[in-house]
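# Observations on the three-dimensional arrangement
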Amino acid sequence: VEGGRIYCPPGTYQDSVGQATCVACPVGHYCMYGSKYLCVPGTHQPLVNQSECAVCEPGHLCLNGVMSVCPDGQYQENEAASACEPCVVHHSCADGVMTLCADGTYTSTGGQSECSTCQTGRYCMGGAQTVCEAGSYQDEEGQSSCKPCEVGYRCNNGQLQLCPAGTYQPNTGQSACLTCEVGH
């Protein structure tokens, strides 16, 4: 105290006139020269009695001195962020981290918190779902490749179809059946 004025050490403040003691700086703030300041966006302070704020960590956003994990479907790769970004297509975002969908899974829109299982008739790689090419099929979910069409079948749109009566297919990987010759 000097001349009726109190000098507070870093991490404390006093905003009332005529007080003889300093007050601990609250969470979400930093205190210097006897004054209290809210942490700026992109920084936080989880402790009391602090004279500076900490930089926000990747996967989080920091507002009003509080650090929060990004909501599901959003991510943040950088430090000192005050906002999170929507998840990108072919990825999932949980706990503030963006991850490419594993083979056999996909997302078709952004902002997803988890990847979906690949559907039958399709294959999934790099987070994208693609219809099997003509001459191939997929009869199982969650696959990363298609199977070649079998003998006696035709394959289109990822589906295995038995050749109809009066037709045949002696080869694998085909998308059409051949007409039987007269007398066969």
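See above for the structure.
Residues numbered from 1 in each chain as written. Predicted model: local features only at pLDDT ≥ 70, side-chain atom pairs only at ≥ 80, totals over all residues. Heavy atoms only, no water.

## Quick notes on the state of the cysteines
Linking two cysteines covalently through their sulfur atoms gives a disulfide. Taken as a whole, this structure holds 11 disulfides when the rule is applied. In this model, C39 is linked to C53 through a disulfide, with the two sulfur atoms separated by 1.9 Å. On the sign convention where negative is left-handed, the bridge of C39 and C53, at about -85° about the S-S bond, is left-handed. In this pair, C39 sits in the loop between β4 (35-38) and β5 (43-44) while C53 sits in the loop between β5 and β6 (54-55), placing the two residues 14 residues apart along the sequence. (Disulfide = S-S within 2.5 Å. Helix = DSSP H or I, 4+ residues; strand = E, 2+ residues; numbered from the N terminus.)

## Some remarks on the pattern of salt bridges
When charged atoms on two side chains of opposite charge get close, those side chains can pair. Counted under the stated rule, the structure contains 2 salt bridges. As a salt-bridge pair, D139 and K147 come within 2.7 Å of each other at their nearest N and O atoms. A salt bridge links E140 to K147; its shortest N-O distance comes to 3.1 Å. Judged by relative accessible area, E140 falls into the partly exposed class, the value being 39%. The partly exposed category is assigned to K147, whose relative accessible area is 26%. Overlapping salt bridges bring together D139, E140 and K147 as one network. (Salt bridge = Lys/Arg side-chain N within 4 Å of Asp/Glu carboxyl O. Buried < 20%, exposed > 50% of the residue type's maximum accessible area, 1.4 Å probe, protein only.)

## Thoughts on the side chain of T12
Along the chain, T12 falls in strand β1 (residues 12-13). There is a polar contact of 2.6 Å between the side chain of T12 and the backbone oxygen of P9. Non-local contacts of T12, meaning those with residues more than four positions away in its chain, are made with C22, V23, A24, C25, C31, G34 and N49. (Polar contact = N/O pair within 3.5 Å; in protein donor to acceptor, adjacent residues only side chain to side chain. Contact = heavy atoms within 4.5 Å.)

## Let's talk about the environment of Y37
Tracing the backbone through its elements, the reader meets Y37 in strand β4. For Y37, a relative accessible area of 35% corresponds to the partly exposed category. Remark: the alpha-carbon pair of Y37 and E52, spanning 15 residues in sequence, is separated by 9.4 Å. Those residues within four positions of Y37 in sequence are excluded, and the remaining contacts are H29, Y30 and M32.

## Describing the packing of aromatic side chains
Evaluation of the coordinates by the stated rule reveals 1 aromatic pair. Both rings, one in Y30 and one in Y37, keep their centres 5.2 Å apart while their planes meet at 25°; by these two values the pair is stacked. (Phe/Tyr/Trp six-rings, centres within 6.5 Å; stacked < 30°, edge-to-face > 60°.)

## As for the side chain of Q169
Positionally, Q169 belongs in the loop between β21 (167-168) and β22 (178-179). For Q169, a relative accessible area of 4% translates into the label buried. One polar contact links the side chain of Q169 to the main-chain amide nitrogen of N171, over a distance of 3.1 Å. Only 2.6 Å separates the side chain of Q169 from the backbone oxygen of A176, close enough to count as a polar contact. Residue contacts for Q169: discarding those within four places in its chain leaves V151, G152, Y153, C163, Q174, A176, C177 and L178.

## Points about the pairing of strand β11 (residues 91-94)
Summarising the sheet, β11 and strand β12 (residues 97-100) pair through 4 bridges and their orientation is antiparallel. Looking at the pairing, A94 lines up with V97 of β12. In sequence, β11 turns back onto β12 through a hairpin of 2 residues, with D95 there showing a positive phi of about 55°. (Pairing = 2+ DSSP bridges.)

## Quick word on unusual backbone geometry
Positive phi is not limited to glycine here, since A80 has a value of about 60°. Along the polypeptide, A80 turns up in the loop between β9 (74-75) and β10 (85-86). A positive phi angle, close to 55°, is found at D95, a residue other than glycine. Mapping D95 onto the fold places it in the loop between β11 and β12.

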